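Survey of secondary and tertiary structure
Below, each chain spelled out in residue letters.
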Amino acid sequence: MSLEPNVGGRDRLARALLAVGLTVVALDAVRDGRRLTGLLAAAGALGAGFNATTCFCGANAALGVDTTGE
């Protein structure tokens, strides 16, 4: 499987902003002692950050969605 870019434009920006927001939630949750919430938010932040950084999303690839032209 190649990491052919399929995330771009507003979709990429939205994923980057989501990653930042989930990182803030994760840090706040861990600080308040809610470790499970922090772990789940951190996992989501890593996934969204990976998508935004590499311009690739496995779900997009599986569904045949390509937002690079937007």
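Scroll up a little and you will see the structure.
Presented here is an overview of the structure given in this document. (Residues numbered from 1 in each chain as written. Predicted model: local features only at pLDDT ≥ 70, side-chain atom pairs only at ≥ 80, totals over all residues. Heavy atoms only, no water.)

**Observations concerning the side chain of Asp11**
What counts here: Only runs of H or I of at least four residues qualify as helices and only runs of E of at least two qualify as strands under DSSP, and these elements are numbered from the N terminus. Type-normalised accessible area, obtained with a 1.4 Å probe on protein chains alone, sets the label of each residue: buried when under 20%, exposed when over 50%, and partly exposed for intermediate values. Any two residues having at least one pair of non-hydrogen atoms within 4.5 Å are treated as being in contact.
Residue position: Asp11 is located in helix H1 (residues 9-31). Accessibility expressed as a relative area gives 18% for Asp11, which makes it buried. Filtering out sequence-adjacent residues up to four positions away, Asp11 remains in contact with Asn60 and Thr67.

**Considerations on the packing of H1 against helix H2 (residues 35-54)**
The criterion, for reference: Between N-to-C directions, angles span 0 to 180 degrees; the directions come from axes that are lines fitted to C-alpha atoms, helices contributing only their stretch in contact. The scheme is simple: roughly parallel for angles under 35 degrees, roughly antiparallel for over 145, roughly perpendicular for 65 to 115, oblique for anything else. Each crossing gets its hand from how the near helix is turned against the far one by less than a right angle, where anticlockwise is left-handed and clockwise is right-handed.
For the pair H1 and H2, the least separation of the axes is 7 Å and the interaxial angle reads 160°. Regarding the angle of H1 to H2, the classification is roughly antiparallel. Between H1 and H2 the crossing geometry is left-handed. Contact residues: Arg12, Arg15, Ala16, Leu18, Ala19, Leu22, Thr23, Val25, Ala26, Ala29 and Val30 in H1; Thr37, Gly38, Ala41, Ala42, Gly44, Ala45, Ala48, Gly49, Asn51, Ala52 and Thr53 in H2.

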